[in-house]
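Structure assessment
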Amino acid sequence: MLSVALALIAFTLAGWGRLTLRLVGIPNARLIDCGTLWVGFTAVTAVVELAQLFIRIDWIASLIAVVVGLSVCLFDKQFSIVQSLKHLVGFFKTYQFGFICLVLLLVVWCLRAMGAPNNVDSGLYHFQSIRWLNEYPLLMGLANIHWRFAFNQSYFGFLALLNFYPFWGKGYATGGLFLLILSLSTVIEVGIRQALLWRWIVGGVLFIYFGYVAGTIANPAPDMAIGLVEIAMSLLLMRLAFATKISSQTDRDFATIALLAFTAVAIKLSGVAFAAACVMCALVFIRGRLSVKSISLIKVALLLAVATLVHSIRSYALSGTIMFPSTVFGLWQKEWTLQLAQIRFETDLILSLARQPDVMDPAGVLGNWHWLSGWMHRLPNHIAILFSASLLAMLFSLARVIKSKNSTDTKTLLLLYLPLLCSLIFWFLTAPDLRFLGAVLPIFIATALWLAVKQTQLRPSTLGHSNFEKWSILQALGVVLVLMVSFKLTGVRAISLEGWQAVPQVNAELKRTDSGFYIFVPGGGGFCWDHPLPCTPVFHPNLRFKDASWTIFDAEFGLYRKYFTTKTNPDPTGNQIYRFPLQDNPSTAPAQLSHP
């Protein structure tokens, strides 16, 4: 059943991707391809963000998304599902040993996805974010319940959309598993046309990294999602750099990179430097080689502008900031917004803990470099070794290109370092915690090693097909070695054959705020996990849930919207107090907990 669900997701996203590319005037591929699926992923997450402003993301929303996506696939005369499946079968027949390894890999990944979630942030707010999306339209001031809701990470909307029968409540793992498989497919699609040197170095490093990611897919963590998006952008950027002629593939790759840049930032703000640098490199690589008209690029820009506007509106509604935890362009005068002092404290705490996790006072960490020695000492040895090796490989490749008389095209490939270096600098100067780095490190390792070896005497003439085909046994041993390392990182011993493991259960106490609003507060660690709403790790006695008229420049429009606030005392004469119906726990929910 899980394989059927994954196939359904694939064709649904393919339909949305084709529809999006058609809207902007970029030719679609006749067969299903990974770039179109990534465009579909971007389109679906953006549409969910828009829809949830007005409706909850329940099974009806999921059904609509599936019907639209499958309808486009079925009625698009330029797309053939049958030919796509035949092409896939033919590919597997050609690479039978690789197919067997992939099947084994996917089985392990599926079993790992069914494991019990164990991510700390998943217990704090990941599952709760998905539940809010599934059960309610956007509620203003939601970050007043718990400040982490202010992050406004679009990945949760995608996971909420995947909560459909028979996998209701399992979208958190199904979505991560699908993106992991899509990333693996992107490596294969791009690498199949590259030299064997690229396949062994770039493909091998990323395959090993996917094993590490597979060990975390039982958690709905945006850290994992943004890493896979960054890998997809890097691979498409490489294919764009290799392009020697104008083609529809070049058009699609550029549009996909631009759209994924928005998705990366919408999933997690820490990806902004990588995304911006990727778009800049893509503009350099195309150098007027696009076959579409300028109007198509304008349409892509307009589409991104609309998606950015919707995402910004959601951010304002949740917390009063456009890109939490930044306070830029914040709205502090509204009652439903977070308090400025709280945002500044949480921002400083995030930056401080990333530098020195054993100090809870940001004032003693920020504004100086005293934390650096301790930070370097805590850096894992294998990370330090891999980063140092990658840095040396990068310097070697740069020196070889500068001293040699290579063509301009070869030197242009060095631009692939730009997104990585920008991201590393941004990361180090803001929140230098490894979990905020995404997939930049494995991409850096793969890119640096590949370009360094490319500049040595080990060129395609030396490591070409003529020699590698004679070493088929060594190639097979190499694949087995990569799989073994990948399985080791996946954590094969943690796999359970008993099906889906339960999300951790919570014993929560029902507390009453000063205004009469009831909310669950978990004991022993403060993790809500997937507890019925509303639930918060931190109890605010002055939390209220109210109705208020929307105003723009102090002009009332007669439109009312429910919102949360913790700023002022309740006004018994002018504001309606609402309480959530807690149908999941009828024995503990007081009788007055209902909408009046």
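Sequence positions are assigned chain by chain, starting from 1 and proceeding in written order. The model is predicted, so local features are restricted to residues of pLDDT at least 70 and side-chain atom pairs to those at 80 or more, both for listing and for counting; the totals for chains, interfaces and linings are taken over all residues. Neither water nor hydrogens contribute to the side-chain values; these are computed over all heavy atoms in the structure.

Helix numbering and strand numbering both begin at the N terminus, where a helix is a DSSP run of H or I of at least 4 residues and a strand a DSSP run of E of at least 2. Across its full length, the chain holds 21 helices and four strands. Contacts are assigned to residue pairs with any non-hydrogen atoms lying within 4.5 Å of each other. In the chain, of all internal contacts separated by at least 6 residues, the share reaching a separation of at least 24 is 72%. Total accessible area on the chain is roughly 27,400 Å²; 66% of this is exposed by carbon and sulfur atoms. Residue exposure ignores everything except the shown protein chains as possible cover, and the areas themselves are Shrake-Rupley values with a 1.4 Å probe.

Moving on: the nonpolar core. Only buried residues count toward a nonpolar core, which is a set of Ala, Val, Leu, Ile, Met, Phe, Trp, Tyr and Cys residues joined through side-chain atoms within 4.5 Å. The classification of residues rests on relative accessible area computed with a 1.4 Å probe and restricted to protein chains. Under 20% of the type maximum is buried, over 50% is exposed, and intermediate values are partly exposed. Within the largest apolar cluster, 162 residues are counted, with the highest numbers of intra-cluster contacts made by Phe210 and Met233. Per element, the largest residue contribution to this core is 14 residues, and it comes from helix H10 (residues 222-242). Each residue touching Phe210, except ones within four places of it in the same chain, is listed here: Trp109, Leu180, Ser183, Leu184, Val187, Leu228 and Ile231.

To estimate the expected span of a helix, count its residues, drop one, and scale the result by 1.5 Å. Taking 1.5 Å per residue as the helical rise, H10 with its 21 residues ought to reach 30 Å, and the 30 Å between its terminal C-alpha atoms agrees with that figure. In terms of burial, H10 is largely enclosed, as 20 of its 21 residues are buried.

This brings us to helix H5 (residues 96-113). The terminal C-alpha atoms of H5, which comprises 18 residues, lie 26 Å apart, in line with the 26 Å expected from a rise of 1.5 Å per residue. Within the sequence span of H5, burial applies to Cys101, Leu102, Leu105, Val108, Trp109, Cys110, Arg112 and Ala113.

Time to look at a nonpolar patch on the surface. Residues enter patches when they are more than 30% accessible in relative terms and free of salt bridges; like-charged ones are connected within 9 Å and nonpolar ones (Val, Leu, Ile, Met, Phe, Trp, Tyr) within 5 Å. Salt-bridge detection follows one rule: a side-chain nitrogen of Lys or Arg within 4 Å of a carboxyl oxygen of Asp or Glu. Judged by side-chain polarity, Trp59, Ile60, Leu63, Ile64 and Val67 come together as a nonpolar surface patch covering roughly 500 Å² of accessible area. Here Leu63 falls in the partly exposed class, since its relative accessible area comes to 46%.

Let us look at the side chain of Thr412. Along the chain, the position of Thr412 falls in helix H17 (residues 408-412). Setting aside chain neighbours within four positions, we find Thr412 in contact with Phe285 and Arg287.

Evaluation of the coordinates by the stated rule reveals 12 salt bridges. Put simply, Arg22 and Asp76 hold a salt bridge, and the shortest N to O gap is 3.0 Å. Remark: Asp76 occurs in the loop between helix H3 (59-75) and helix H4 (81-94) and Arg22 occurs in helix H1 (residues 2-24); sequence separation between them is 54 residues. With a shortest N-O distance of 3.8 Å, Asp433 and Arg435 are connected by a salt bridge. Classification of Asp433 as partly exposed rests on a relative accessible area of 23%. Accessibility expressed as a relative area gives 41% for Arg435, which makes it partly exposed.

Attention now goes to the pairing of strand E1 (residues 508-512). Two strands form a pair only when DSSP identifies at least two bridges running between them. Pairing geometry for E1 and strand E2 (residues 518-522), over five bridges, is antiparallel. When the sheet's bridge partners are listed, Lys511 is paired in E2 with Ile519. Hairpin connection between E1 and E2: a loop of five residues separates the two successive antiparallel strands, and Gly516 in this loop has a positive phi of roughly 95°.

Stacked, tilted and edge-to-face are the three classes assigned to paired rings of Phe, Tyr and Trp, where Trp is represented by its six-membered ring and a pair needs centres within 6.5 Å; plane angles under 30 degrees give stacked, over 60 edge-to-face, the rest tilted. Summed over all chains, the structure comprises 26 aromatic pairs. Relative to Trp375, the ring of Trp371 has its centre 6.3 Å away and its plane inclined at 85°; by these criteria the two rings are edge-to-face. Each member of the pair Trp371 and Trp375 is classed as buried. An aromatic cluster is defined as three or more aromatic residues linked by ring pairs; in this entry it consists of Tyr125, Trp147, Phe151, Phe156 and Phe324. Cation over ring: Arg355 sits above Trp371, and NZ or CZ is 5.2 Å from the ring centre. Either the NZ atom of lysine or the CZ atom of arginine qualifies as a charge over a ring when it sits within 6 Å of the ring centre and within 35 degrees of the ring normal.

Below, the discussion takes up the packing of helix H2 (residues 34-51) against helix H8 (residues 171-191). Axis geometry follows a simple rule: fit a line to the C-alpha atoms, using only the stretch in contact for helices, then measure angles between N-to-C directions, giving values from 0 to 180 degrees. Axis separation between H2 and H8 bottoms out at 9 Å; the angle between their running directions is 150°. Helix-helix and strand crossings are classified by hand; for H2 and H8 the assignment is left-handed. Two secondary-structure elements touch here, H2 through Cys34, Gly35, Leu37, Trp38 and Phe41 and H8 through Leu179, Leu182, Ser183, Ser185, Thr186 and Glu189. Residues of the contact of H2 with H8, tallied by class, amount to six nonpolar, four polar and one charged. Handedness of a crossing is defined here by the sense of rotation of the near helix relative to the far one, left-handed for an anticlockwise turn of less than a right angle and right-handed for a clockwise turn. The classification used treats Ala, Val, Leu, Ile, Met, Phe, Trp, Tyr, Cys and Pro as nonpolar, Asp, Glu, Lys and Arg as charged, and all other residues, Gly among them, as polar.

Okay, the pairing of E2 next. For E2, the buried fraction is high: five of the five residues fall into the buried class. The side-chain alternation of E2 yields two buried faces, one formed by Tyr518, Phe520 and Pro522 and the other by Ile519 and Val521.

On to the state of the cysteines. Put simply, a disulfide is two cysteine sulfurs that come within 2.5 Å. One pass over the full model with this rule turns up one disulfide. In this model Cys528 forms its disulfide with Cys535; the gap between the sulfur atoms is 2.3 Å. Linking Cys528 and Cys535, the disulfide has an S-S dihedral of approximately -85° and is accordingly described as left-handed. Judged by its relative accessible area of 1%, Cys535 is buried.

To continue, consider the side chain of Asn144. Mapping Asn144 onto the fold places it in the loop between helix H6 (120-135) and helix H7 (155-161). Judged by relative accessible area, which is 3%, Asn144 ranks as buried. At 2.9 Å, the side chain of Asn144 forms a polar contact with the backbone oxygen of Trp336. For this analysis, a polar contact is any N or O atom pair within 3.5 Å, provided that within protein one partner can donate a hydrogen and the other can accept it, and provided that sequence-adjacent residues contribute only side-chain to side-chain pairs. From its side chain, Asn144 meets the backbone oxygen of Phe564 in a polar contact 3.1 Å long.

Take the environment of Leu197 next. Examined against the element boundaries, Leu197 turns out to sit in helix H9 (residues 196-214). Looking at Leu197, the relative accessible area reads 11%, which means it is buried. Sequence separation between Leu197 and Lys454 is 257 residues; the distance between their C-alpha atoms is 8.0 Å.

Before going further, it helps to spend a moment on the packing of H2 against helix H11 (residues 248-267). Here H2 crosses H11 at 45°, and the two axes come no closer than 9 Å. Regarding the angle of H2 to H11, the classification is oblique. In the packing of H2 onto H11, the handedness of the crossing is left-handed. Mapping the contact onto sequence places Gly35, Trp38, Val39, Phe41, Thr42 and Glu49 in H2 and Thr256, Leu259, Leu260, Phe262, Thr263 and Ile267 in H11. A breakdown of the residues in the contact of H2 with H11 according to their chemical character gives seven nonpolar, four polar and one charged. Angle categories are assigned with fixed cut-offs, so that under 35 degrees is roughly parallel, over 145 is roughly antiparallel, 65 to 115 is roughly perpendicular, and the rest are oblique.

Below, the discussion takes up the environment of Val292. Topologically, Val292 is positioned in the loop between helix H12 (272-286) and helix H13 (294-319). Spatially, the C-alpha atoms of Val292 and Asp251 are 6.9 Å apart, while their sequence positions differ by 41 residues. In contact with Val292, other than residues within four places in its own chain, are Gly25, Ile26, Pro27 and Asp251.

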